[in-house]
Amino acid sequence: MSRSQPTFVVALVLVLAVLGATLAGAVLTVGRGPVGCPHLPTPHVAGARILAVTAVGRADAPTRCDITVVLTHPPLGDRVRIELRLPRTAWNGRFQAVGGGGFTAGSFGHTLADAVRRGYAAASTDAGLATPRTGHPAWALRRNRTVDAGRLTNFAYRSVHDMSRVGEQVVTAFYGRPPAYSYFTGCSTGGRQGLAEAQRYPGDFDGIIAAAPAIYWNRLTIAQLWPQVVMNEAGVYPTACELEAFNRAAVAACDRDDGRVDGVIDRPETCRFDPGRLVGTAVHCQGTTNHISRSVADVVRRIWQGPTTRTGRQLWYGLLPGASFGWLAGTAKPLFGPRHGAPFPVAADWVRYFLRRQPGFDPATIRYPEFERLFTESLAGYSAVIGSDDPDLSAFRAAGGKMITWHGLADQAVFPQGTIEYRQQVEAVMGGARATDDFYRVFLAPGVAHCAGGAGPVPTDPLAALVDWVEHGRAPDTLPAATTDARRPPVAHNLCRYPRTAQAC
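Fair warning: this is a prediction, and the values are worked out from it, not measured in the lab.

Structural notes on the sheet that holds strand 16 (residues 478–482)
Thinking step 1. One open sheet accounts for 3 strands, arranged 15-16-17; its pairing is antiparallel. One side of each edge strand has no neighbouring strand; the edge strands of this open sheet are strand 15 (458–459) and strand 17 (492–496).
Thinking step 2. One ladder, built from 5 bridges, connects strand 16 with strand 17; its direction is antiparallel. Bridge pairing links leucine 479 to leucine 495 in strand 17.

This is the structure we're talking about:
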């Protein structure tokens, strides 16, 4: 790559391992240049073997060294890639690890770049999970169609811990001193990873942002299929326009409950809008007019109710009024043939690869009896490895850790009721609300969708609040937030610490 290009490689790869080689004491050798990277010792990770380290100097602003560490966990045969972005100047003395989303363990794009621009030494990991262009977690199954427990462990919790160990050693060697503070930030899968760290490796990070955490993973991913199962059972597949009409009506009915009209339901769990009120209402969509039927209203009612057994026992939570139906209750209309369900990809793949172990299985065919069986199997088979819902955070508290969770109440993928339940379980184990608030605080964001967006104000800089808490002892009672929907007038106000509402803080 020529020097006339804005970003150029000034150091190439030193492969530090050959088949079966021992890497103790190996060092990184890099080329010379104005942004050349220093020599670094090979990091050590318990239970893993380092395969290679690369260093690339970047002349972007800010100038930085990109370090890639590849490791394996014998005898698994995996190849885990950990990428670090280390600013050459204006390092703020902190390390920030970044989580992933869906079946992806890390994020190597703008999230890492943003961290570096803010002065952090930053890292993320792919957990050794090769994902094809289809996006399906093909890594989950061995050739004999059994679940690959080692790679599932990587995804569930091991990879973030390994990244924290590599990150601390590389940062220390690069700057000549360890990071003063280490942080983890993530949303959705990243939020679950953050809570898993607090539960399993309480000393890895001083502070954790665990936003919209996909905890109770093996309940959640099955519950996400509930809208499809309801439609399958009823043989009714509403259009997106019809479903959106119910959300508009629910917002209109419950918006005033908090004393102000802002297009947001402040407490959607208390919204008692009856879908039956829309029966007969005309809905205009793409040049056609439909009238809401009783069967469509019944489908919406069951979706909001959340998954139950055939005898009515509640299994988990469902979408809240105001949350978009688009992801979980999606449908498709082929050119020829009737409309049919379009299951949420993460939920569909959880069934295909981890429960049925048949990549070709069509989750759009699931009805109530099979749904109950799959829910039971998911709980029995995967709670220990990926539930990520242990409420005993005593070791995290003893280590001095601080954690913030925020969750949008219009989340269309990860039900915020699960976050509330987890917080309540932590309180029960950790000595009550006040004792829990000393190290773990939750903020609910009315009208905010999954990790971002929606009609409500989104937290503007939760990491800054966490840093202030960790480093200066100022625990946040509120989080500054602002709307991001360009179609609406801008609104900024604080989010209140759970269990307070906007009226009470």
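Back to the text.
A few points about the layout of surface pockets
Thinking step 1. Taken as a whole, the largest pocket encloses approximately 670 Å³ of empty space.
Thinking step 2. Taken together, 25 residues make up the lining of the largest pocket; nearest its centre are Gln96, Thr111, Thr185, Gly186 and Pro462.
Thinking step 3. Residue assignment for the lining of the largest pocket shows that the elements contributing at least two residues are strand 5 (94–98), helix 1 (110–117), strand 7 (181–187), strand 8 (207–211), strand 15 and helix 13 (462–472).
Thinking step 4. By residue number, the principal contributor to the lining of the largest pocket is helix 1, which donates 4 residues.
Thinking step 5. Of the residues assigned to the lining of the largest pocket, the class counts are 12 nonpolar, 10 polar and 3 charged.
Thinking step 6. Lining the second largest pocket are 21 residues, and of these Glu244, Gly263, Gly322, Ala455 and Arg488 sit closest to its centre.
Thinking step 7. Of the residues contributing to the lining of the second largest pocket, the split by class is 10 nonpolar, 6 polar and 5 charged.

Some thoughts on the side chain of asparagine 247
Thinking step 1. Within the secondary structure, asparagine 247 sits in helix 6 (residues 240–254).
Thinking step 2. For asparagine 247, a relative accessible area of 3% gives the class buried.
Thinking step 3. The contacts of asparagine 247, once residues within four sequence positions are left out, are Trp304, Pro321, Gly322, Ala323, Ser324 and Phe325.

Some thoughts on the environment of arginine 497
Thinking step 1. Mapped onto the elements, arginine 497 comes out in the segment after strand 17.
Thinking step 2. Separated by 21 residues in sequence, arginine 497 and proline 476 place their C-alpha atoms 7.8 Å apart.
Thinking step 3. Within the local environment of arginine 497, its side chain forms a polar contact with the side chain of aspartate 437, the two groups lying 2.6 Å apart.

Quick look at the state of the cysteines
Thinking step 1. In the structure shown here, the tally under the stated rule is 4 disulfides.
Thinking step 2. Note on cysteine connectivity: cysteine 187 is disulfide-linked to cysteine 451, with sulfurs 2.0 Å apart. Of note, the bridge from cysteine 187 to cysteine 451 carries an S-S torsion of about -100° and is left-handed in sense. Of this pair, cysteine 187 sits in strand 7 while cysteine 451 sits in the loop between strand 14 (440–445) and strand 15; the two residues are 264 residues apart in sequence, bridging distant segments of the chain.
Thinking step 3. You can call cysteine 187 buried: its relative accessible area is 18%.

Re the pairing of strand 16
Thinking step 1. Residues of strand 16 alternate between two faces, with Leu479 and Ala481 buried on one and Thr478, Pro480 and Ala482 left unburied on the opposite face.
Thinking step 2. Both strand 15 and strand 16 contribute to a ladder of 2 bridges, which runs antiparallel. Paired with proline 459 across the strands is alanine 481, a residue of strand 16.

Let's talk about empty space enclosed by the protein
Thinking step 1. A full pass over the atoms with the stated rule returns 2 cavities of 30 Å³ or more.
Thinking step 2. Roughly 40 Å³ of volume is contained in the largest cavity.
Thinking step 3. Forming the walls of the largest cavity are Pro213, Ile215, Tyr216, Leu220, Trp316, Val414, Phe415, Gly418 and Thr419.
Thinking step 4. One number sums up the size of the second largest cavity: a volume of about 30 Å³.
Thinking step 5. Taken together, Ala223, Trp226, Pro227, Ile303, Pro307, Tyr317, Gly318, Leu319, Leu328 and Phe415 make up the full set of residues lining the second largest cavity.
Thinking step 6. Per-class residue counts for the lining of the second largest cavity are 9 nonpolar, 1 polar and no charged.

Observations concerning helix 13
Thinking step 1. With 8 of 11 residues buried, helix 13 is to be regarded as a mostly interior element.
Thinking step 2. Within helix 13, the full set of buried residues consists of Pro462, Leu463, Ala465, Leu466, Val467, Trp469, Val470 and Glu471.

Things to note about the packing of helix 5 (residues 226–234) against helix 7 (residues 294–305)
A pair of packed helices is captured by two measures, namely the crossing angle of their axes and the spacing between those axes.
Thinking step 1. Running from N to C, helix 5 and helix 7 cross one another at 150°; their axes reach a closest spacing of 9 Å. Looking at the two axes, helix 5 sits roughly antiparallel to helix 7. Judged by the twist between their axes, the crossing of helix 5 over helix 7 is right-handed. Between helix 5, through Trp226, Pro227, Val230, Met231 and Ala234, and helix 7, the contact on the second element is made entirely by Val299, Arg302 and Ile303.
Thinking step 2. The residue inventory of the contact of helix 5 with helix 7, partitioned by class, reads 7 nonpolar, no polar and 1 charged.

Cut-offs and rules
- Residues numbered from 1 in each chain as written.
- Predicted model: local features only at pLDDT ≥ 70, side-chain atom pairs only at ≥ 80, totals over all residues.
- Heavy atoms only, no water.
- Pairing = 2+ DSSP bridges.
- Helix = DSSP H or I, 4+ residues; strand = E, 2+ residues; numbered from the N terminus.
- 1 Å grid on protein atoms, 1.4 Å probe; cavity = no way out; pocket = protein on both sides within 12 Å on 5 of 7 lines; lining within 4 Å.
- Points joined across faces, edges and corners; volume = space filled by probe spheres on them.
- Nonpolar A, V, L, I, M, F, W, Y, C, P; charged D, E, K, R; others polar.
- Buried < 20%, exposed > 50% of the residue type's maximum accessible area, 1.4 Å probe, protein only.
- Contact = heavy atoms within 4.5 Å.
- Polar contact = N/O pair within 3.5 Å; in protein donor to acceptor, adjacent residues only side chain to side chain.
- Disulfide = S-S within 2.5 Å.
- Axes fitted to C-alpha atoms, helices over the stretch in contact; angles between N-to-C directions.
- Parallel < 35°, antiparallel > 145°, perpendicular 65-115°, else oblique.
- Left-handed = near helix turned anticlockwise from the far one by under 90°.

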